[in-house]
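Single-letter residue listing:
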Amino acid sequence: MGGDHGPEEIVAGAVAAVREHGVRLVLVGQARRVRDLLREHDALGEVPIAHAEDALAMDEGALAGWRRPRSSVAVACHLIRRGHAAALVSAGSTGGVVATSRLRLRGQPGVMRPALAVVLPTRPRPTVLLDAGATADAKPEMLVQFATLGTAYARIRLGVESPRVGLLTIGEEAGKGNKLTRRAHELLSGDVPGVHFTGNVEGTDLLTGAVDVVVTDGFTGNIALKTVEGAVRLAVSEMRTAIGSGRLSRVAALLQRRQLRGLRDRLDPETTGGGVLLGLNGTVVIAHGASRATGVAAACVLARDLAAGRIVEQIGEGLAAARPHRFPRRGHGEPDTEEP
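From a predicted model like this one, the values you see are computed outputs, not experimental measurements. (Residues numbered from 1 in each chain as written. Predicted model: local features only at pLDDT ≥ 70, side-chain atom pairs only at ≥ 80, totals over all residues. Heavy atoms only, no water.)

A few words on the packing of helix α1 (residues 8–21) against helix α2 (residues 31–40). Interhelical geometry of α1 versus α2 gives an angle of 55° and a closest axis separation of 10 Å. Classed by the angle they form, the pair α1 and α2 counts as oblique. As for how α1 packs across α2, the hand of that crossing is right-handed. Each of E8, V11 and V15 in α1 lies in contact with α2, whose residues at this interface are R33, V34, L37 and L38. Split by residue class, the contact of α1 with α2 holds five nonpolar, no polar and two charged. (Axes fitted to C-alpha atoms, helices over the stretch in contact; angles between N-to-C directions. Helix = DSSP H or I, 4+ residues; strand = E, 2+ residues; numbered from the N terminus. Parallel < 35°, antiparallel > 145°, perpendicular 65-115°, else oblique. Left-handed = near helix turned anticlockwise from the far one by under 90°. Contact = heavy atoms within 4.5 Å. Nonpolar A, V, L, I, M, F, W, Y, C, P; charged D, E, K, R; others polar.)

The next point concerns empty space enclosed by the protein. Here the structure, examined in full by the defined rule, presents one cavity of 30 Å³ or more. One number sums up the size of the largest cavity: a volume of about 40 Å³. Residue lining of the largest cavity: Q108, V276, L277, L278, G279, L280, G282, T283, I311, V312 and I315, and that is the complete set. When residues of the lining of the largest cavity are traced back to their parent elements, those giving at least two are β9 (275–278) and α12 (311–322). A breakdown of the residues in the lining of the largest cavity according to their chemical character gives seven nonpolar, four polar and no charged. (1 Å grid on protein atoms, 1.4 Å probe; cavity = no way out; pocket = protein on both sides within 12 Å on 5 of 7 lines; lining within 4 Å. Points joined across faces, edges and corners; volume = space filled by probe spheres on them.)

Attention shifts here to the nonpolar core. One finds L25, L130, F146, Y153, V215 and L278 to be the most contacted residues of the largest nonpolar core, which totals 59 residues. Among the elements that take part in this core, helix α6 (residues 140–158) stands out by supplying nine residues, more than any other. Formed by 33 residues, the second largest nonpolar core is a distinct cluster that contains V28, A50, V73 and L280. (Core = buried A, V, L, I, M, F, W, Y, C linked by side-chain atoms within 4.5 Å. Buried < 20%, exposed > 50% of the residue type's maximum accessible area, 1.4 Å probe, protein only.)

Along the chain, A299 turns up in helix α11 (residues 293–308). Residue A299 is classed as buried on the basis of its relative accessible area of 0%. Residues A299 and H288 lie eleven residues apart in sequence; the distance between their C-alpha atoms is 9.2 Å. Not counting the four nearest positions on each side in its chain, A299 is found in contact with V89, G273, V285 and A287.

The values are spatial; any link to function lies outside them.
Here it is as structure tokens:
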């Protein structure tokens, strides 16, 4: 029921996911409205419906999980907990989806906070950025866990056997950054099982493919993600303007249409499927709020593939391997200013 174009585009994308990609799914929402939309696609009876009398508003945040216990997101989480579904896909409010799924699905053993992972269109292969907005006020130990979560995700989603992990801060040197990043660098430089930490990365490295996983707090990560999205939109717009500016440019574009189509698809956020909330007892994919049917279908395919790849179990195994790890003590005389 969520998203800027829901439920119409959500239902259209769900039908496309079923018919074109063979995804098995259940539409959760106000049954009468969903049924009418399925009828328009001649898909009534083709896609099952789970009724939810309530829905999260796009401006709802952290209290949504408590305020709306019968929302479509809450009902979907209930289906996962009962084993009737393996993943949740929503284009609704990120804050509302995060809050509700945290409350209903709970974190995996040892997970302090979940992290929202997104894939950036870098070369030669994509880069995972997390956290992109789930946990704004992170602690250093949480960033270490984000590195473990991102490593598991990069293995499953990108097929990278040993993902390189970088910590986003203001300089490559170990001493650069604020208290959060300096302490996180110290922890990540220790022996964290399963994590191949290569050091700090800067904002200029986000789209260069310097690492496979970029770790940061949700506040910084969300700003970085929105900046990248804005830059990509500008680049695509400028490219279209240049192509249409003259006859010679249009002829050249016609000759290069396959390469241009590939570039467009790689930069289009509709093709990535959205972000994945990692660290919960269930797979949660948060599609872009402005997703159309194509983006919704891609999100459904992504959720199906992650569930088939046992993302939750693999993350659990990675966390279990890292659990015996002891964080190094602070240096002598260094004050502990972290909150309890």
